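# Architecture and fold: a report
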Amino acid sequence: MQISLPPGRGRRRTSAFAAAATTGLVAAALLTAGSSASARSKPDLTTMPAPEPAAQITQLSERGTTTGRTAIGGVGGQARAAAPQTVCQQGAKWLRLRFTDLSLRGRDTVTVSGVAGGTFTFTGRHWPGKAFHTRAFAGECVQISPSLTDPASSYRIDAYQSGSQSLAAANVIVAAAGDICGTACNQTDDVVAAINPTAVITAGDNAYDSGTLSEFNNNYHPHWGKFNNLVRPSPGNHEYRTSGAAGYFDYYNGHGVETGARDQGYYSFDVGDWHFISLNSNVSVSASSPQVTWLRNDLAANTKPCTAAYWHHPRFSSGDHGDNSGMGALYSALYDAKTDLIINGHDHHYERFAPARPDGTRDDANGVRQFVIGTGGRALYSATTSSAGPSEVFNNNTFGVGKMTLTATGYTVEFVPVAGRTFTDRVTGTCRKASTSPDFGVTTDPTAVTVKQGNSASTSVRVSSSGGFSAATALSVSGLPAGVTATLSPASVTPPANGSATSTLTLTASSSAAVGTSTATISATSGAVTRTANLQVTVTGGNTVFADDFESDGGWTVNPAGTDTATSGRFERGNPDQTVSTHSNQIKQLGTTTSGVNCLVTGAAAGSAYGANDLDGGVTSIRSPQIVVPAGTARLAFAYSVGHGDNSGPDDYLRVRVVDGSTVTTVFEKVGAAAEVEAIWQNATVDLSAYAGRTVRIQVEAADAGTASLFEAQVDDLEITSAGTGQADFAVTANPTAVIIPQGQKNYTTVNVASINGFGSAVDLNVTGAPAGVQTQWQSDPVTPPAGGSVSSQLMINTTATTATGTFDLTVTGTAGALSHAVTVRVTVTSAGAGGFADDFESDRGWTVNPAGTDTATSGRFERGNPDQTVSTHSNQVKQLGTTTSGVNCLVTGAAAGSAYGANDLDGGVTSIRSPQIVVPAGTARLTFAYSVGHGDNSGPDDYLRVRVVDGSTVTTVFEKVGAAAEVEAIWQNATVDLSAYAGRTVRIQVEAADAGTASLFEAQVDDLSVTN
């Protein structure tokens, strides 16, 4: 089922977007280098793999593995210390991260720790230029701690895997054999199928006699070809009987099987927590050869705890061909890197060797265990020879396959015979670089704290056990900024075996503590073992004058000047969906915030196609309520993210502006460019000292202003603070700053007095400018704000039946000694029989989206906009009208048309929008409006459009249209509601719509609303 777009409404690219799904408590923390606040993301949690980078080490995973998306990264050379970052999956027993970039210079590092134990420090040698998956880390969270000082250093993590089994239980199975087809590969293929492996490796001589393409097609393909989606081959000498092993490469490459370059034939990949290396013993294997050089580099780059290698010619063999000292350079490189297993063929028998050094000396501590499994189907050899290697088991009368059951710490290798044969073998071992001894790790949550001078803040320190560790662990803190002290309660914890224990770390900053950001070190010590975690500590001075984390409605106004031109992606306060471009494999809109769940975003919903739901058509703006900038040094700080496609340009922008009366000044700007830029949270700080003592508003703007392009912008955690220096002072504000009162009625405004620079004295409140017949009364006077806080008092404004009608300004003044500040409240007195309201939605009349902060809709939220017509090809009906009853705008549940059935309609719950104050006229009063409701046959009675009257704390539904299990086409209709019961009262009109039951297609529109008598 598709939704058709009206002419001229198409998007720029046709490649699909992958939209992230929000699930439960799953969270990944995002905090870039230079950030000041910890953040938790909502990654896409799905069994569908994340988009694959072009150059990466292939990762085959344990069955039941879940894949999630995240966006974490950082660059070196930042002025501020980088906080640790966290990725979590509730209930997971382990997590494995994917780096898409790890470019580390000099001594820069990135350390990853599991909350249940296990730590690995990544350096510049680990897979430069390639994407790769890390080893698995125990626990439901991993912590990423960057240490980047070089500006050229960077890293990025875009995805992770998680599992529900412990690392000890989670396994992968690899089937292995060489010398295959052969006469008996029609038997060994049944063994492979019964093993049901994650991967199949071949140790050469896969198709006899000469490895021609014809022999592969006729001999190999009918039996082992069924495993081409699993196989990772290596060539044997019989393949090279055909020049350049052309048949081998043509066959496997023709079926999409990895083989390495045709002139090399060697490559590597990962299976679970094992690194596998396929080598080619038919080209040069001397110590100085390109292959051995590549092998040593590959081993150095590897980050897995377990390693296996395979090729055709064995270093040691008790069979017909015997030992081959020419393989010594390969064996030595593997031994030096603490490789665990080697699989070979060539001799047609099965043989297991004890762990050994390159010269054959048994070495149970560091040696490599080698197998010869030349039993894949070619006639077995009866001849034997003496080997320098420590042979433990030998059999040359049974066809069969090696079954390798591999975990993150060890292996079990079995020989599985063909049907009718009885010889078997089984051996277990522990990986050389795996940690199986008792251990512990330490993490913090949150990983970054901000503490004001004279105040305290806390974080939780967790010590997690692995390998059965359970001992007293002492905690300490170092590296704190001057003037900050730490208290740990308790100072020592004992985690239960394979569990965790926590302590609360409280940081207290003195009034003179050094302002700035630094990295403290949390140390956990048990015996001779110490594990550490980093904690970003930011000390701020003075007081916060204004702060908005956008978790509730803070009084921001969309399109305040009524001049916005954007047709979609308009600014809204919402819970953003992560959107990933498959054109560039980059996240363009983050599904994270820097705190809580909401932020300002250019259209919270994810798009279903390239550029869908991003900012389009021009400018979108949103303006804060009034803010009094403190005296002295003041700053504006906020987090932001900008992501755009390579079709962007310098006409596209995110701007933050200061509105000072009629003067609007841009104080921050990020512009587009003809490049793919991935979204990532960053921090910005702006000096507002030039506005000290003035009453201003902050305006956030974004534009897709040139050629249509993909552009997304987000803003979160915006605050204005004083620097903690200068004279103690206070600020006075009022909300609302304009009220309407009919003759003989009263209305209210709330006056707020905020402390600046530690002010904490009594403030006398006074009102001047009231004409005859107007009386004022304070709820509280005087008021005393706490140092660093604020206090409010309600001002009642009362009129008489004979008060003159008209508009006048009241001046509200706060006085404390020689300090005095004022704010203006505009009052309009209407006649007792007057009042009323009319809105055609062509300009902003002060409606508030989600006024109670309780909306749950995930898309299709109410907005004032120019609606796109949307036609369902399922029913061939118009579900959202592209018309209005006057002008070009109306209220609509998402103005943009959808590109698929149900896209951009109302989804996920309730959306609401509330009018400014309206004085209902005396006598017979009525509310009239035009409306349209369109829905699919998947709708029901839980879906609705409602119009409600808000009278103080009482909210009454006066109009309702509900859904039904039927196709209903959108059409403009008129409604009239009697409001006589509210005559003379000051009310607001609230419009609500809901897709509240089973997800369904539901669209609603309202236009030309008026209250008259």
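Residues numbered from 1 in each chain as written. Predicted model: local features only at pLDDT ≥ 70, side-chain atom pairs only at ≥ 80, totals over all residues. Heavy atoms only, no water.

### Describing the overall build of the protein
Test applied: The numbering of helices and of strands both runs from the N terminus, where a helix is a DSSP run of H or I of at least 4 residues and a strand a run of E of at least 2. Relative accessibility thresholds used throughout: buried, under 20% of the residue-type maximum; exposed, over 50%; partly exposed, between the two (1.4 Å probe, protein chains only). For the accessible areas, the method is Shrake-Rupley and the probe is 1.4 Å, while residue cover comes only from the protein chains on display. Positive residues here are Lys and Arg, negative ones are Asp and Glu, while His and the chain termini are left out of the count. Every charge is mapped onto a representative atom, which is NZ of Lys, CZ of Arg, CG of Asp or CD of Glu.
Counting its secondary structure elements, the protein contains five helices and 73 strands. Considered along the principal axes of its C-alpha atoms, the protein spans approximately 120 × 70 × 45 Å. Split into buried and exposed, the 1013 residues of the protein put 56% on the buried side. In the structure as shown, the protein presents an accessible area of about 35900 Å², 47% of it carried by carbon and sulfur atoms. Taken together, the 62 basic and 84 acidic charged side chains of the protein have centroids lying 4 Å from each other.

### Things to note about the nonpolar core
Just so we agree on the cut-off: Nonpolar cores are built from buried Ala, Val, Leu, Ile, Met, Phe, Trp, Tyr and Cys residues. Side-chain atoms within 4.5 Å join them into one set. Residue contacts are defined here by distance: any two heavy atoms, one from each residue, within 4.5 Å place the two residues in contact.
One finds I201, Y220, W224, W274, F276 and M404 to be the most contacted residues of the largest nonpolar core, which totals 56 residues. Top contributing element to this core by residue count: strand β16 (residues 172-177), with six residues. Those residues in contact with W224 that lie beyond four places of it in its chain are A177, I180, C181, C185, T188, D189, V192, V200, T202 and G376.

### Concerning the UniProt feature "domain: Calcineurin-like phosphoesterase" (unreviewed entry) in the protein
Note the cut-off: UniProt positions are given in the numbering used here, feature names are shortened, and annotations may be inferred rather than shown by experiment.
Look at the UniProt record and you will see "domain: Calcineurin-like phosphoesterase" (unreviewed entry) annotated at residues 177-350. Span residues 177-350 is 30% helix and 16% strand, its end C-alpha atoms 10 Å apart.

### Concerning the pattern of salt bridges
As a reminder, the rule being used: Here, a salt bridge means any Lys or Arg side-chain nitrogen found within 4 Å of an Asp or Glu carboxyl oxygen.
Throughout the structure, instances matching the rule amount to 30 salt bridges. Measuring nitrogen to oxygen at the nearest pair gives 2.7 Å for the salt bridge that ties K588 to E676. Of this pair, K588 sits in strand β42 (residues 586-589) while E676 sits in the loop between β48 (663-671) and β49 (682-687), and the two are 88 residues apart along the sequence. What makes K588 buried here is its relative accessible area of 0%. Put simply, R352, R362, D364, R369, E392 and D425 are held in one network by salt bridges that share partners.

### Thoughts on the sheet that holds strand β57 (residues 790-799)
The condition is simple: Note: two strands are recorded as paired if DSSP finds a minimum of 2 bridges between them. A fitted line through C-alpha atoms represents every axis, and for helices the fit uses only the stretch in contact; the resulting angles, taken between N-to-C directions, go from 0 to 180 degrees.
Ordered in space as β52-β54-β57-β56, the four strands form an open sheet in which the pairing is antiparallel. The open sheet has two edge strands, β52 (729-735) and β56 (774-778), and neither has a second partner. When strand polarity is set aside, the average angle formed by the axes of neighbouring strands in this sheet is 25°. As defined by bridge partners, β56 adjoins β57 across five bridges and the pair is classed as antiparallel.

### Concerning helix α5 (residues 328-336)
The buried fraction of α5 amounts to seven of the nine residues, a majority that puts the element mostly inside the structure. Elements that come into contact with the buried residues of α5 comprise β20 (274-278), α4 (290-301), β21 (306-310), β22 (341-344) and β24 (369-373). In the stretch just after α5, K338 is the one whose phi turns positive, near 60°.

### A short note on the state of the cysteines
As a reminder of what qualifies: A pair of sulfur atoms, both from cysteines and within 2.5 Å, is called a disulfide here.
For the structure on display, the rule yields three disulfides. A sulfur-sulfur separation of 2.0 Å characterises the disulfide bridge that pairs C88 with C141. Judged by the sign of its S-S torsion, about 115°, the bond between C88 and C141 is right-handed. Separated by 53 residues along the polypeptide, C88 in strand β8 (residues 85-88) and C141 in strand β14 (residues 141-147) bring together distant segments of the chain. With respect to class, C88 is no different from C141; both count as buried. The disulfide partner of C306 is C431, and the S-S distance across this bridge is 2.1 Å. In this structure the cystine formed by C306 and C431 twists about its S-S bond by roughly 105°; its chirality is therefore right-handed. With a gap of 125 residues between them, C306 in strand β21 and C431 in the loop between β28 (425-430) and β29 (439-445) connect regions that are remote in the sequence. By the burial criterion, C306 is buried, and C431 matches it. Bonded cysteines in the protein are paired 1-2, 3-4, 5-6 when counted in the order they occur along the chain.

### Thoughts on the sheet that holds β28
Spatial strand order, β18-β17-β16-β26-β27-β28: six strands in an open sheet with mixed pairing. Looking at the sheet topology across the chains shown, the edges are occupied by β18 (231-232) and β28. Examined bridge by bridge, β16 and strand β17 (residues 199-202) share four bridges and lie parallel to one another. Within the sheet, the bridge partner assigned to A177 lies in β17 and is T202. Set on the sheet, helix α1 (residues 185-195) makes contact with β16, β17, β26 (400-406) and β27 (410-417); between it and β26 the angle comes to about 20°.

### Focus: the side chain of T592
Defined as follows: Pairs of N or O atoms within 3.5 Å make up the polar contacts considered here, provided that, within protein, one atom can donate a hydrogen while the other can accept it, and that residues adjacent in sequence are counted only when both atoms are side-chain atoms.
Position of T592 relative to the elements: it lies in the loop between β42 and β43 (599-602). Of the polar contacts made by the side chain of T592, one reaches the side chain of W681; its length is 2.8 Å.

### Points about the pairing of β20
Basically, it comes down to this: When the strands point away from the viewer, a crossover counts as right-handed if the path from the first strand over the helix to the second runs clockwise.
With five of five residues buried, β20 is to be regarded as a mostly interior element. Side-chain alternation along β20 places W274, F276 and S278 on one buried face and H275 and I277 on a second face that is also buried. Here strand β19 (residues 267-271) runs beside β20; their pairing, made up of five bridges, is antiparallel. Paired with D270 across the strands is H275, a residue of β20. Linkage of β19 to β20, two consecutive antiparallel strands, is achieved through a turn of two residues, within which G272 is found at a positive phi near 60°. The handedness of the β20 to β21 crossover, carried by α4, is right-handed.

### Regarding the packing of α1 against helix α2 (residues 213-224)
So the rule is basically this: Angles are sorted into four bins: roughly parallel if under 35 degrees, roughly antiparallel if over 145, roughly perpendicular if 65 to 115, and oblique for all others. Each crossing is labelled by how the near helix is turned from the far one, with a counterclockwise turn of less than a right angle marking it left-handed and a clockwise turn marking it right-handed. In the scheme used here, Gly and all other residues not listed as nonpolar or charged are polar, with Ala, Val, Leu, Ile, Met, Phe, Trp, Tyr, Cys and Pro taken as nonpolar and Asp, Glu, Lys and Arg as charged.
Close contact between α1 and α2 brings their axes to 8 Å; oriented N to C, the two are set at 30°. Looking at the two axes, α1 sits roughly parallel to α2. Crossing of α1 over α2 shows right-handed handedness. Of the residues in α2, those touching α1 at C185, N186, T188, D189 and V192 are N219, H223 and W224. Per-class residue counts for the contact of α1 with α2 are three nonpolar, four polar and one charged.

### Describing the environment of I587
Relative to the helices and strands, I587 resides in strand β42. Note: C-alpha distance between I587 and A71 (516 residues apart in sequence) is 7.3 Å. Apart from residues lying up to four places away in sequence, I587 is in contact with R69, T70, A71, Q578, T579, V580, E678 and A679.

### Concerning unusual backbone geometry
The linkage connecting C181 with the following residue, G182, adopts the cis geometry, with an omega of 5°. Within the element layout of this structure, G182 appears in the loop between β16 and α1. Going from Y208 to D209, the amide bond is cis rather than trans, its omega being 10°. Inspection of the secondary structure assignment puts D209 in the loop between β17 and α2. A positive phi angle is found at K338, which is not glycine, with a value near 60°. If you trace the backbone, K338 turns up in the loop between α5 and β22.

### Some details on the side chain of R570
As for its position among the elements, R570 is in the loop between β39 (557-558) and β40 (571-574). Classification of R570 as buried rests on a relative accessible area of 12%. A polar atom in the side chain of R570 sits 2.7 Å from the side chain of E863. If near-sequence neighbours (up to four positions away) are discounted, R570 is found in contact with V601, T602, G603, T620, E863, R864, G865, N866 and A895.

### Details of the packing of aromatic side chains
Stated precisely, the cut-off is as follows: In this scheme Phe, Tyr and Trp rings, the latter by its six-membered ring, pair at centre separations within 6.5 Å, and the angle between planes marks the pair as stacked below 30 degrees, edge-to-face above 60, and tilted otherwise. Remark: a charge is flagged as sitting over a ring if the NZ atom of Lys or the CZ atom of Arg is within 6 Å of the ring centre and within 35 degrees of the ring normal.
Applying the stated rule across the entire model yields 38 aromatic pairs. Aromatic side chains F99 and F122 sit 5.2 Å apart centroid to centroid with 50° between the ring planes, which places their arrangement in the tilted category. In this pair, F99 is assigned in strand β9 (residues 94-103) and F122 in strand β11 (residues 119-122), connecting sequence segments 23 residues apart. Judged by its relative accessible area of 0%, F122 is buried. Judged by centre distance (6.1 Å) and plane angle (25°), the rings of Y267 and F269 are stacked. Classification of F269 by relative accessible area gives buried; the value is 0%. Here a set of aromatic residues connected by ring pairs shows up, and it is made of F216, Y220, Y248, F249, Y251 and Y252. Over the ring of F440 we find R531; its NZ or CZ atom is 6.0 Å from the centre of that ring. In this structure, R655 packs its charged tip against the face of Y653, placed 3.6 Å from the ring centre.

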